[in-house]
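# Inside the fold
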Amino acid sequence: MCETNPLIVCDGLVKIYKTKDIEVMALQGLDLTVNKGEMLSVIGKSGSGKSTLMNIIGGLETPSAGRITVDGMSLAEMSEREMVAYRKRTIGFVWQKSSRNLFPYLTSIENIEASMNFSGMKTAEKKARAAELLELVGMTHKKDSYPRQMSGGEQQRVSIAVALANDPVILLADEPTGAVDTKTSAKILALFRKLNKELGLTIIIVTHDMKLASSMDRVLMISDGKISTEKIVREEFKDDLHNIEHEETRTHDEFSVLDKAHRVQLSEEMLAAAGIDSNKVRVSVEDGKVVIRSE
Ligand code: ADP
Ligand code: MG
């Protein structure tokens, strides 16, 4: 993997939400590097911090501690104006609910044009560009349809065109296929792949769908506000993942992630398999291997 071109660098991200009586630590020192042109998926249980991470990368939330830089710029050091421009121009967002992506009272083409408010383009230019984007997502035939006149999958395609309206560098999609069937989900994934290949867009997709997640080169698993494991595609499957039908094929190698303090998370399954049921374990190095055992 190319480590030389980092676009997004998250360093020890912490996010604490304060509600009336409790504090929730949604991110607990998360480290992540995403290279330019990568397409990766983020998985994890509900409440593990996936959306919080996306919102921080998208500039919609600020971390309580830690640092995030995008293209070498620290988000914390940006002025209000730079931040607005960052959200509009650098980032494209696709949400699970089309109602959050599309205005119900605008047609497909109007929705895209309405998002080009930062472009300084003339009306005619906007129209032409919006038509181009609809073509790119295969929705030209619904250019004059309102969201309610389209299926969930069609609405998501238009939503993706809207997210691309200002020619972003990074496309963030938070469970974009959460509300559509498997077949539609596969089509949307193919569209993301095309955008990644043809436009060189950096794409991060949060998903519950393991099949969808595993069709990407890199799969990050978040547990309790940190990246716990990372699956990386094996060399021989690199450009071929979307053609793999067999779910039992081992297409990825799975790694546990060591944090900066060299801590590693063990899953419930690992603990059960090793018969570890106490919070104290013995750790030793034997024959060049780190061994963790209960006794
Ligand atoms: P995920 O997307 O993985 O389901 P989230 O990032 O939405 O998880 O949430 C992580 C944790 O932070 C959860 O415990 C959630 O309840 C909490 N949380 C998220 N947003 C807020 C908020 N605006 N106010 C208070 N707590 C929040
Ligand atoms: Mg979420």
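Everything discussed here concerns the structure shown above.
In short, a report on the structure. All values reported here derive from a predicted model rather than from experimental measurement. (Residues numbered from 1 in each chain as written. Chains lettered and ligands numbered in written order. Predicted model: local features only at pLDDT ≥ 70, side-chain atom pairs only at ≥ 80, totals over all residues. Heavy atoms only, no water.)

### Quick look at the overall build of the chain
Within the chain, the secondary structure is distributed over nine helices and 13 strands. Radius of gyration (C-alpha) of the chain: 21 Å, near the 19 Å computed for a compact globule of 295 residues. Dimensions along the principal axes, computed over C-alpha positions, put the chain at roughly 70 × 45 × 40 Å. Taken across its 295 residues, the chain has 44% of its residues classed as buried. Long-range pairs, those at least 24 residues apart, make up 66% of the contacts in the chain with a sequence separation of at least 6. (Helix = DSSP H or I, 4+ residues; strand = E, 2+ residues; numbered from the N terminus. Rg over C-alpha atoms; globule rule 2.2 N^0.38 Å. Buried < 20%, exposed > 50% of the residue type's maximum accessible area, 1.4 Å probe, protein only. Contact = heavy atoms within 4.5 Å.)

### Examining the site of ligand 1
The full set of residues close to ligand 1 is Tyr17, Thr19, Val24, Ala26, Lys45, Ser46, Gly47, Ser48, Gly49, Lys50, Ser51 and Thr52. Between an oxygen atom of ligand 1 and a main-chain N or O atom of Gly47, the distance comes to 2.7 Å. Elements with a contribution of two residues or more to the shell around ligand 1: strand 2 (23-35) and helix 1 (50-57). Sort the elements by how many residues they give to the shell around ligand 1 and helix 1 lands first, with three residues. Of the residues belonging to the shell around ligand 1, the class tally is three nonpolar, seven polar and two charged. (Near = heavy atom within 4 Å. Polar contact = N/O pair within 3.5 Å; in protein donor to acceptor, adjacent residues only side chain to side chain. Nonpolar A, V, L, I, M, F, W, Y, C, P; charged D, E, K, R; others polar.)

### A closer look at unusual backbone geometry
Glycine aside, the phi torsion of most residues is negative, and most peptide linkages are trans. The phi angle at Asp167 is positive, at roughly 55°, despite the residue not being glycine. Here Asp167 lies in the loop between helix 6 (152-163) and strand 7 (170-174).

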